[in-house]
Amino acid sequence: MFKRILVPTDGSESSRRALKSALEIANKFNSEIELFHVTPTPEAYYGYHMGFTSIIDQEQIDKSGELALEITLKGIDIGNVHLTKKHISGHAASGILDEVRREFDLVVMGTVGHGALTGALIGSVTQRVMAQSPCPVLIVK
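What comes next concerns the included structure. These numbers were taken from a predicted model, which means no experiment stands behind them.

1. Description of helix 1 (residues 13-29)
Helix length check: helix 1, at 17 residues, gives a terminal C-alpha distance of 25 Å against a target of 24 Å (1.5 Å per residue), a fit within 8%. Residues of helix 1 that are buried: S14, S15, R16, A18, L19, A22, L23, I25 and A26. N30 occupies a position one or two residues after helix 1 and carries a positive phi of about 55 degrees.

Structure below.
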């Protein structure tokens, strides 16, 4: 049923819980998991190329993305589940949705649960992925 599971992560505890849930599903359905992180670029925040240079270069940004993947995996036994890691730079929701369209059967992601009012005011990566994903999305609190 679920052969390919995408687990977006930001390195948070809710992302770790999502990975644990995805591992349970993967064990039941003999699925493979892709642990996925999108490191934001300045353009993702501001929507244009800034006219000044950043103190942090792209290599440092990429290292923080790799760190988020490692933090999510730390201390979690993946057992016999085939797990790959992938990291890109860009806008979180767009990057996740682009990845989902690469023939995933399920997205399992965490949420910090800010509530309806906060989500309505500031937007949410989780809400956008839920609304636009071509496959089921399991939200883990």
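2. Focus: the packing of aromatic side chains
What describes a pair of aromatic rings is the distance from one ring centre to the other and the angle between the planes of the rings. Taken as a whole and judged by the stated rule, the model has 1 aromatic pair. On the basis of an interplanar angle of 85 degrees and a centroid distance of 5.5 Å, the ring pair of F2 and F29 is categorised as edge-to-face. Here F2 is found in the segment before strand 1 (4-8), whereas its partner F29 is found in helix 1, with 27 residues between them in sequence. Residue classification places F2 among the buried positions, given a relative accessible area of 16%. One Lys or Arg, R4, reaches over the ring of F104 and ends 4.1 Å from the middle of that ring.

3. Topic: the pairing of strand 2 (residues 32-40)
A large share of strand 2 lies buried, amounting to 7 of its 9 residues. At this point the chain moves from strand 1, through helix 1, to the parallel strand 2, and the crossover so formed is right-handed.

4. Focus: the nonpolar core
I5, V7, L19, I33 and V108 are the most contacted members of the largest nonpolar core, which totals 19 residues. At the level of elements, strand 1, helix 1, strand 2, helix 3 (58-73) and strand 4 (106-110) are the ones that each hand at least two residues to this core. Element by element, the count of residues in this core is highest for helix 1, at 6 residues. Here V7 is in contact with A18, L19, A22, I33, E34, L35, F36 and V108, once residues within four sequence places are set aside. Counting 11 residues, the second largest nonpolar core, distinct from the first, contains F36, I96, M109 and V129.

5. Overview of the pattern of salt bridges
Oppositely charged side chains are able to pair whenever their charged atoms sit close together. Scanning the model with the defined rule gives 7 salt bridges in all. E32 is paired through a salt bridge with R4; the nearest N and O atoms lie 3.3 Å apart. Separated by 28 residues along the polypeptide, E32 in strand 2 and R4 in strand 1 bring together distant segments of the chain. Assessed through its relative accessible area of 21%, R4 is described here as partly exposed. For the salt bridge of E70 with K85, the shortest nitrogen-to-oxygen distance reads 2.5 Å. Here E70, found in helix 3, pairs with K85, found in strand 3 (residues 82-90); they are 15 residues apart in sequence, far enough to count as distant.

Cut-offs applied
Residues numbered from 1 in each chain as written. Predicted model: local features only at pLDDT ≥ 70, side-chain atom pairs only at ≥ 80, totals over all residues. Heavy atoms only, no water. Helix = DSSP H or I, 4+ residues; strand = E, 2+ residues; numbered from the N terminus. Expected span 1.5 Å × (residues − 1). Buried < 20%, exposed > 50% of the residue type's maximum accessible area, 1.4 Å probe, protein only. Phe/Tyr/Trp six-rings, centres within 6.5 Å; stacked < 30°, edge-to-face > 60°. Lys NZ or Arg CZ within 6 Å of the ring centre and 35° of its normal. Right-handed = clockwise from strand over helix to strand, strands pointing away. Core = buried A, V, L, I, M, F, W, Y, C linked by side-chain atoms within 4.5 Å. Contact = heavy atoms within 4.5 Å. Salt bridge = Lys/Arg side-chain N within 4 Å of Asp/Glu carboxyl O.

That's the geometry; what it means functionally is another story.
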